[in-house]
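Residues per chain, in single letters:
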Amino acid sequence: MSVESDDRLWKRQTLSGIPEHARFALWDTIDIDETNRLEVMKLRRWEPYQGSIWLEGEVGSGKTTLAATIANELLNQPFLMQECIIKDGELVEVAEEGTFTPARPRVSEAGTLHVRTSTSLNFKFIEEPQFYRQARAFERFGRRTGQPDPLRQACDASVLILDDLGKSCDGKRDLDIFQVLITPRYNANRPTIFTTNLTWEQLATVFEGSIASRMSEMCGNRVFTLRGRDRRMRA
């Protein structure tokens, strides 16, 4: 897959918050440390319908680059497929991607029609320390200036990358912001990609019990660990 040569992809990346240094990262172009090749192969097979994922590793191990790669690949395909189930002319369910295979409408029982439709991808990439600053600034000034609410945008994103989790959670105010972010995403089962330098035990001391428990349930066994030295320090 190649990056679009026009401005449309760049605009989507800007609106989504993809870091500029990682906007050309794609599966076929990124440099993969041999130590992490198996983890990257598994990560490459991930699809949003499968649920949230946990990406952990030391500083410079490539977590942000891999998260951005996922984002760029998804933004190159700005529509997610879903299956709408229509019964007696009424929409009764929107099923998860991956639970069906037919490319054409099918009938599972009398009066029930299954059809494939596409839905626009609403993607957001946020760095945790910067996100807290933006959310606090909006609370103070944003409502008067008409600026978009960064917390609402993150809550509503169909796919969210939360980069550098646990790096800069400063007291109860930031914890409250994080709770407001995670709770609706947990309730709606919206896929979230968490990246962190910290161990799970360290994060559990940063976030209170219910938040840590919800993140753990969201990710399940979709935990990817990157190893090796700081790639940014290599000559």
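Residues numbered from 1 in each chain as written. Predicted model: local features only at pLDDT ≥ 70, side-chain atom pairs only at ≥ 80, totals over all residues. Heavy atoms only, no water.

Whenever I open this one, the overall build of the protein confuses me. Can you help?
A tally of regular secondary structure across the protein gives eight helices and nine strands. For the protein, the proportion of its 235 residues judged to be buried stands at 41%. Total accessible area computed for the protein in this model is approximately 13200 Å², and 49% of it derives from carbon and sulfur atoms. (Helix = DSSP H or I, 4+ residues; strand = E, 2+ residues; numbered from the N terminus. Buried < 20%, exposed > 50% of the residue type's maximum accessible area, 1.4 Å probe, protein only. Areas by Shrake-Rupley, 256 points an atom, 1.4 Å probe, with all protein chains shown as cover.)

Explain the sheet that holds strand E6 (residues 123–127) to me, please; I cannot follow it from the model alone.
Sheet strands associate in pairs through backbone hydrogen bonding, adopting either a parallel or an antiparallel arrangement. With respect to topology, five strands assemble into an open sheet ordered E6-E7-E8-E1-E9, the strand pairing being parallel. Taken across any chain shown, the strands that pair with only one partner, and hence form the sheet edges, are E6 and strand E9 (223–226). Put simply, the sheet's adjacent strands are angled 15° from each other on average, direction ignored. Summarising the sheet, E6 and strand E7 (residues 159–163) pair through five bridges and their orientation is parallel. Within E7, the residue paired with Glu-127 across the bridge is Asp-163. Where helix H6 (residues 171–188) meets the sheet, it contacts E6, E7 and strand E8 (192–196), and its direction lies at approximately 145° from that of E7. (Pairing = 2+ DSSP bridges. Axes fitted to C-alpha atoms, helices over the stretch in contact; angles between N-to-C directions. Contact = heavy atoms within 4.5 Å.)

What am I meant to see in the nonpolar core here?
Taken as a class, soluble globular proteins show a tendency for nonpolar side chains to be buried jointly. Leu-43, Leu-66, Ile-70 and Phe-123 are the most contacted members of the largest nonpolar core, which has 26 residues in total. Broken down by secondary-structure element, the contributors of at least two residues to this core are helix H2 (37–44), strand E1 (53–57), helix H3 (63–75), E6, E7 and E9. Ranked by the residues each element gives to this core, the list is headed by H3, at seven residues. Beyond its immediate chain neighbours, meaning those up to four positions away, Phe-123 contacts Ser-16, Ile-18, Ala-71, Leu-74, Leu-75, Ala-157, Ser-158, Val-159 and Ile-161. Counting 23 residues, the second largest nonpolar core, distinct from the first, contains Ala-135, Ala-157, Ile-182 and Cys-219. (Core = buried A, V, L, I, M, F, W, Y, C linked by side-chain atoms within 4.5 Å.)

Any chance you could explain H6 here in plain terms?
Note that an α-helix has 3.6 residues per turn; residues three or four places apart therefore point the same way. In a regular helix each residue adds 1.5 Å, so 18 residues correspond to 26 Å; H6 covers 27 Å between its end C-alpha atoms and thus fits that length. Of all the positions in H6, only Asp-174, Ile-177, Phe-178, Leu-181, Ile-182, Thr-183 and Arg-185 are classed as buried. Following H6 by one or two positions, Asn-189 adopts a phi angle in the positive range, close to 55°. (Expected span 1.5 Å × (residues − 1).)

Would you mind showing me how to read H2 here?
Restricting attention to buried positions, one finds in H2 the residues Glu-39, Val-40 and Leu-43. When H2 is viewed along its axis, its buried side chains cluster within an angular range of 95° and face the same direction. Among the structural elements, E1, H3 and E9 are those in contact with the buried residues of H2. (Arc of directions from axis to C-beta.)

Just checking my understanding: could you explain the environment of Lys-167 for this structure?
Examined against the element boundaries, Lys-167 turns out to sit in the loop between E7 and H6. Sequence separation between Lys-167 and Glu-127 is 40 residues; the distance between their C-alpha atoms is 9.4 Å. Residues within four places of Lys-167 in sequence aside, it is in contact with Glu-127, Glu-128 and Pro-129.

Looking at this model, I keep getting lost on the pattern of salt bridges. Mind explaining?
When charged atoms on two side chains of opposite charge get close, those side chains can pair. Under the criterion given, the structure shown has six salt bridges. Here Arg-37 ties to Glu-34 by a salt bridge, and the two come within 3.2 Å at their closest N and O atoms. Judged by its relative accessible area of 33%, Arg-37 is partly exposed. The class for Glu-34 is exposed, based on a relative accessible area of 57%. (Salt bridge = Lys/Arg side-chain N within 4 Å of Asp/Glu carboxyl O.)

I'm lost on the pairing of E1 in this one. Help?
Looking along a regular strand, one sees the side chains alternate between the two faces of the sheet. Of all the five residues making up E1, five are buried; the element is thus mostly covered by neighbouring parts of the structure. In E1, alternate side chains face the same way, and those of Ile-53, Leu-55 and Gly-57 on one face and Trp-54 and Glu-56 on the other are all buried. Pairing analysis gives four bridges linking E1 to E8, with the strands arranged parallel. Within E8, the position partnered with Leu-55 by the bridge is Thr-195. As paired strands, E1 and E9 are joined by four bridges and run parallel to one another. Note on E9: the bridge partner recorded for Glu-56 is Thr-225.

I tried to follow the confidence of the model for the protein on my own but got confused; where do I start?
Detailed reading of the predicted model is not advised wherever pLDDT is low. When pLDDT is averaged along the protein, the result is 78; 74% of the residues meet or exceed 70. At the low end of the mean pLDDT range in the protein sits strand E4 (residues 106–109), at 48; at the high end sits E8, at 94. This stretch, residues 96–107, has a pLDDT under 50; its non-local contacts, to residues over four places away or in other chains, come to 25 contacts. Taken as a whole, residues 113–118 scores under 50 in pLDDT and shows 32 contacts with residues more than four places along the chain or in a different chain. (pLDDT = per-residue confidence, 0-100.)

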